[in-house]
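Structure assessment
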Amino acid sequence: MAVIHRTSLRPNKLELLTSWLPSRPWYRGGDGEPKLTKAGGFRLDDPQGEVGIEFIVVTDASGADPITYLVPLTYRGAPLDGAEHALVGTMEHGVLGKRWAYDGCHDPVLLAQSAALIEGRVQAQKQSISDAPDREVVASHTGEGPIPTDFVTTDDQDGTRLTTPDGTTLRLHRVLRPAPDGPFTPSRGVTGQVTGSWQLPDGTRARGVFAVLLTGPGA
């Protein structure tokens, strides 16, 4: 179970993301600095209790229209070997000391727990409360057998695609869009998905798809 510490972070997460987001191919902002606010998110527990896993939702108000992004991060007490390219930055945590923050799509612990979430083996946790399930995050899986986790991660203008050698693909929606009212209807080839909620700039809540799992030819 992850323990949420009430303490300081220098720099804080929004400050780290303000510098990092414009470097991503899926970032939709302009040339100016992002103006970020926290809009939601959730956590997953690392079974070993070593790695912090957080899916942060942030809204950027720097452009004509606000844009909301999903950013999975992992927090480690030491550098992750071979993941220098995925380093978002380092922070000084008031309790835990120096922490290395990574783009979680390149962290094997987050990938394994994301697969477990879709399979229903673990439950999403509230972002800021210890040992509190987040009921707004809903995962489903109609496929057979365990989800492979030997993903190769690729970022493009549409988001992040995580693909295994057998063709299984986990597509992460980096730019979040509210879904129409009513039940979610998965697209053809989708065998799993994660949906959740976040806060809009006007204070209302939106709900949409965070990630989809595709299997079979053309996934």
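Residues numbered from 1 in each chain as written. Predicted model: local features only at pLDDT ≥ 70, side-chain atom pairs only at ≥ 80, totals over all residues. Heavy atoms only, no water.

In the annotation of an unreviewed UniProt entry, the entry for the chain reads 1,4-alpha-glucan branching protein, and the organism field reads Streptomyces coeruleorubidus.

A closer look at the overall build of the chain
When its secondary structure is counted, the chain shows two helices and 14 strands. Whereas a compact globule of 219 residues would reach a radius of gyration of roughly 17 Å, the chain reaches 17 Å, a difference of no more than 12%. For the C-alpha atoms alone, the extent of the chain along its principal axes is close to 45 × 40 × 30 Å. Each of the 219 residues in the chain was classed as buried or not, and the buried ones make up 45%. Within the chain, contacts between residues at least 6 apart in sequence are counted, and of these 56% link residues at least 24 apart. Accessible area of the chain: about 11100 Å², with a carbon and sulfur share of 50%. Charge-centre separation for the chain: the mean point of 21 positive side chains lies 3 Å from the mean point of 26 negative side chains. (Helix = DSSP H or I, 4+ residues; strand = E, 2+ residues; numbered from the N terminus. Rg over C-alpha atoms; globule rule 2.2 N^0.38 Å. Buried < 20%, exposed > 50% of the residue type's maximum accessible area, 1.4 Å probe, protein only. Contact = heavy atoms within 4.5 Å. Areas by Shrake-Rupley, 256 points an atom, 1.4 Å probe, with all protein chains shown as cover. Lys, Arg positive; Asp, Glu negative; His and termini not counted. Charge placed at Lys NZ, Arg CZ, Asp CG, Glu CD.)

Considering the pattern of salt bridges
As enumerated under the stated definition, the model contains eight salt bridges in all. As a salt-bridge pair, D103 and R174 come within 3.2 Å of each other at their nearest N and O atoms. One end of the pair, D103, is in strand β6 (residues 97–103); the other, R174, is in the loop between β11 (169–172) and β12 (175–176), with 71 residues separating them in the sequence. We note a salt bridge from R161 to D156, for which the minimum N-O separation is 3.1 Å. Overlapping salt bridges, with partners in common, bring together K13, R43 and E54 in one network. (Salt bridge = Lys/Arg side-chain N within 4 Å of Asp/Glu carboxyl O.)

Digging into the packing of aromatic side chains
The geometry of two aromatic rings is summed up by the distance between their centres and the angle between their planes. Overall, the coordinates contain six aromatic pairs when judged by the stated rule. Between W198 and F210, the ring centres sit 6.1 Å apart and the planes meet at 35°, which makes this aromatic pair tilted. Within this pair, whereas W198 is found in strand β13 (residues 190–199), its partner F210 is found in strand β14 (residues 205–214), the two being separated by twelve residues in sequence. The same class applies to W198 and to F210, which are both buried. Site record: aromatic cluster; members linked through ring pairs are W20, W26, Y27 and Y69. (Phe/Tyr/Trp six-rings, centres within 6.5 Å; stacked < 30°, edge-to-face > 60°.)

Considering the sheet that holds β11
Spatial ordering of the open sheet is given by β8-β13-β14-β11-β10-β9, a layout of six strands whose pairing is antiparallel. Looking at which strands have only one partner, the edges of the open sheet turn out to be β8 (138–141) and β9 (152–156). Adjacent strand axes in the sheet meet at a mean angle of 20° when their direction is disregarded. Bridging between β8 and β13 involves four bridges; their strand directions are antiparallel. The partner of V138 across the bridge, within β13, is T195. In this fold helix α2 (residues 108–119) packs onto β8, β10 (159–163), β11 and β13, with an angle of close to 80° to the strand it touches most, β8. (Pairing = 2+ DSSP bridges. Axes fitted to C-alpha atoms, helices over the stretch in contact; angles between N-to-C directions.)

Concerning the nonpolar core
Counting 29 residues, the largest nonpolar core has F42 and F210 as its most contacted members. Taken together, the elements giving at least two residues each to this core come down to β2 (36–44), β3 (52–60), α2, β11, β13 and β14. Broken down by element, this core gets its largest block of residues, six residues, from α2. Beyond its immediate stretch of four places on either side in the chain, F42 contacts I53, E54, F55, L117, A124, Q125, Q127, D134, V137 and F210. In terms of nonpolar packing, the next biggest core, distinct from the first, is built from 17 residues, Y27, I56, Y69 and V88 among them. (Core = buried A, V, L, I, M, F, W, Y, C linked by side-chain atoms within 4.5 Å.)

Details of the pairing of strand β5 (residues 87–93)
With two bridges connecting them, strand β1 (residues 9–10) and β5 associate as antiparallel partners. When the sheet's bridge partners are listed, L9 is paired in β5 with H93.

Notes on the pairing of β2
Side-chain direction in a regular strand flips from residue to residue, so the side chains alternate between the two faces of the sheet. With seven of nine residues buried, β2 is to be regarded as a mostly interior element. Here two bridges tie β2 to strand β7 (residues 125–126), and the two strands are oriented antiparallel to one another. Across the sheet, residue R43 finds its bridge partner in β7, namely Q125.

Quick notes on the side chain of T164
Tracing the sequence through the fold places T164 in the loop between β10 and β11. For T164, a relative accessible area of 5% corresponds to the buried category. Reaching out from T164, the side chain makes a polar contact with the side chain of D166 at a distance of 2.4 Å. When sequence neighbours within four positions are dropped, the list of residues in contact with T164 reads P148, D150 and F151. (Polar contact = N/O pair within 3.5 Å; in protein donor to acceptor, adjacent residues only side chain to side chain.)

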